[in-house]
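# Architecture at a glance
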Amino acid sequence: MRLIFALVFLAPPLVAQETTVTREEGVAAWERVFEVASHPRCTNCHVGDQEAPMWEGLGYRAGKVHGMNVLADESRIGAETIPCRTCHVTSAAENIVPHAPPHIDEAWRLPPVELDWLDKTSAEICAQMRNPETNDDNTIAELVEHIETSAFVGWGFVPGGGRSVPPGTTTDLARDVSIWGAAGTPCAGD
Ligand code: HEC
Ligand code: HEC
């Protein structure tokens, strides 16, 4: 009887401690992250050192760059030419008008050049995102926090105006990045 008690009460914590995320689960979670990161709602801004943002997934041809000669320049907000805010006003109002310049409750801008996801493979973005030297100096926990709180990411999943959306929600994406991190950030081909 005592032995059974000991097993019942000691076993669960031990089992919980030994539960780890497998490499396989980590790679599968990363593939779901890639499905989002490679979607035009993200890659239209995550364009790397190309000065112009993209207009893909909006009904134009594939590879369509932002119209009106818009350039982000080194400032990433077009300060040197025509600032993003001229058209992309800072506003929390819903984006409901198709083809109107989308806006968020944040200054619309391009990410740092190193966060280049446009036309990159899953393995390339995976290697980039697990390395603080190429992921804007973030730990995995900080990436998760960004996904949960960034107005850019939030807009990407609910862009309005009839725009297409990446699979899942910000919560799903944050969970998948956590799973990938818990598995030791594996990338296919490691
Ligand atoms: C309007 C442009 C824009 C769009 C669209 C956008 N991002 Fe970003 N993203 C940024 C900027 C700018 C940063 C740099 C961090 C910051 O300034 O908030 C960034 C950084 C990131 C980072 C790294 C965190 C960091 O601290 O730099 C992740 C992860 C990310 N974005 C995910 C996404 C995902 C996923 C989507 C699509 C659902 C997306 N972004 C769409 C502009 C954008
Ligand atoms: C002259 C007005 C104007 C300026 C300036 C401008 N944009 Fe735009 N932008 C637009 C319009 C209009 C759209 C919507 C196009 C559509 O949906 O057909 C748009 C769409 C976008 C998209 C695509 C969003 C999506 O749905 O995937 C991105 C990314 C973007 N702009 C980034 C920028 C950045 C970064 C700057 C500053 C460097 C900037 N824009 C400056 C007018 C402008």
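Conventions used here
Residues numbered from 1 in each chain as written. Chains lettered and ligands numbered in written order. Predicted model: local features only at pLDDT ≥ 70, side-chain atom pairs only at ≥ 80, totals over all residues. Heavy atoms only, no water. Helix = DSSP H or I, 4+ residues; strand = E, 2+ residues; numbered from the N terminus. Rg over C-alpha atoms; globule rule 2.2 N^0.38 Å. Buried < 20%, exposed > 50% of the residue type's maximum accessible area, 1.4 Å probe, protein only. Contact = heavy atoms within 4.5 Å. Areas by Shrake-Rupley, 256 points an atom, 1.4 Å probe, with all protein chains shown as cover. Donors = N, O, S within 2.8 Å, 3.2 Å for Na, K, Ca; no water. Tetrahedral: all angles 85-135°; square planar, octahedral: opposite > 155°, others 65-115°. Near = heavy atom within 4 Å. Polar contact = N/O pair within 3.5 Å; in protein donor to acceptor, adjacent residues only side chain to side chain. Nonpolar A, V, L, I, M, F, W, Y, C, P; charged D, E, K, R; others polar. Phe/Tyr/Trp six-rings, centres within 6.5 Å; stacked < 30°, edge-to-face > 60°. Core = buried A, V, L, I, M, F, W, Y, C linked by side-chain atoms within 4.5 Å.

Each helix and strand counted, the chain has 7 helices and 0 strands in total. For the chain, the α and β elements follow one another from N to C terminus as α-α-α-α-α-α-α. Relative to the compact-globule value of 16 Å for 190 residues, the chain shows a C-alpha radius of gyration of 20 Å, a clear excess of over 25%. When the backbone C-alpha atoms are referred to their principal axes, the chain occupies close to 80 × 35 × 30 Å. In the chain, buried positions account for 37% of the 190 residues. When contacts within the chain are restricted to residue pairs at least 6 apart in sequence, those whose partners lie at least 24 apart make up 55%. Carbon and sulfur atoms make up 60% of the accessible area of the chain, which amounts to about 11100 Å² in all.

As a further point, take the coordination of the iron atom of ligand 2. Under perfect tetrahedral coordination by four donors, a metal shows angles of 109.5 degrees; under perfect octahedral coordination by six donors, it shows angles of 90 or 180 degrees. Those donors, H66 (NE2) and H88 (NE2), are the protein atoms that reach the iron atom of ligand 2, and they lie 2.0 Å from it. Around the iron atom of ligand 2 sit 6 donor atoms; with metal-centred angles ranging over 87 to 180 degrees, the donor geometry is octahedral. Linking H66 in the loop between α3 (40–43) and α4 (122–129) with H88 in the loop between α3 and α4, this pair joins segments that are 22 residues apart in sequence. Classification of H66 as buried rests on a relative accessible area of 12%.

Let's shift gears to the site of ligand 1. As a matter of local geometry, ligand 1 sits amid 20 residues, with C42, C45, H46, R109 and D136 nearest to it. Here a nitrogen atom of ligand 1 and a side-chain polar atom of H46 are 3.0 Å apart. Within the contact set of ligand 1, an oxygen atom lies 2.7 Å away from a side-chain nitrogen or oxygen of R109. Secondary structure elements with two or more residues in the shell around ligand 1: α3, α5 (140–149) and α6 (151–157). In terms of residue class, the shell around ligand 1 is made up of 14 nonpolar, 3 polar and 3 charged.

Considering the arrangement of structural elements, one finds D136 in the loop between α4 and α5. In this structure, the C-alpha to C-alpha distance between D136 and P186, residues 50 residues apart in sequence, is 19 Å. With residues up to four places along the chain from it excluded, the contact list for D136 reads P112, E114 and L115.

Quick look at the site of ligand 2 now. Among the 28 residues in the neighbourhood of ligand 2, the closest are listed as Y60, H66, C84, C87 and H88. One of the side-chain nitrogen or oxygen atoms of N44 is found 2.7 Å away from an oxygen atom of ligand 2. The contact in question runs from a nitrogen atom of ligand 2 to an N or O atom on the side chain of H66, over 2.8 Å. Grouping the amino acids of the shell around ligand 2 by side-chain chemistry returns 21 nonpolar, 5 polar and 2 charged.

The tally for this structure, following the rule as stated, stands at 3 aromatic pairs. Ring geometry for W108 against W155: centres 5.3 Å apart, planes inclined by 85 degrees, an arrangement best described as edge-to-face. Of this pair, W108 sits in the loop between α3 and α4 while W155 sits in helix α6, and the two are 47 residues apart along the sequence.

Within the element layout of this structure, T43 appears in helix α3. Looking at T43, the relative accessible area reads 4%, which means it is buried. When the C-alpha positions of T43 and W55 are compared, they lie 9.4 Å apart, and in sequence the two are 12 residues distant. Beyond its immediate stretch of four places on either side in the chain, T43 contacts A37, S38, M54, W117 and L118.

A few words now on the coordination of the iron atom of ligand 1. Just one protein atom coordinates the iron atom of ligand 1, and that atom is H46 (NE2), at 2.2 Å. Within the secondary structure, H46 sits in the loop between α3 and α4.

Another aspect to go through is the nonpolar core. W30, M129, L173, V177 and W180 are the most contacted members of the largest nonpolar core, which has 22 residues in total. Mapped by element, the contributors of at least two residues to this core are α2 (23–37), α4, α5, α6 and α7 (170–182). For this core, the element with the most residues is α2, which contributes 6 residues. Contact partners of W180, with chain neighbours within four places excluded, come to G26, A29, W30, C126, M129, R130, I140, T185 and P186. Of all hydrophobic cores here, the second largest spans 6 residues; its members include C45, M54, A72 and L118.

Purely geometric stuff here, so don't read any function into it on its own.
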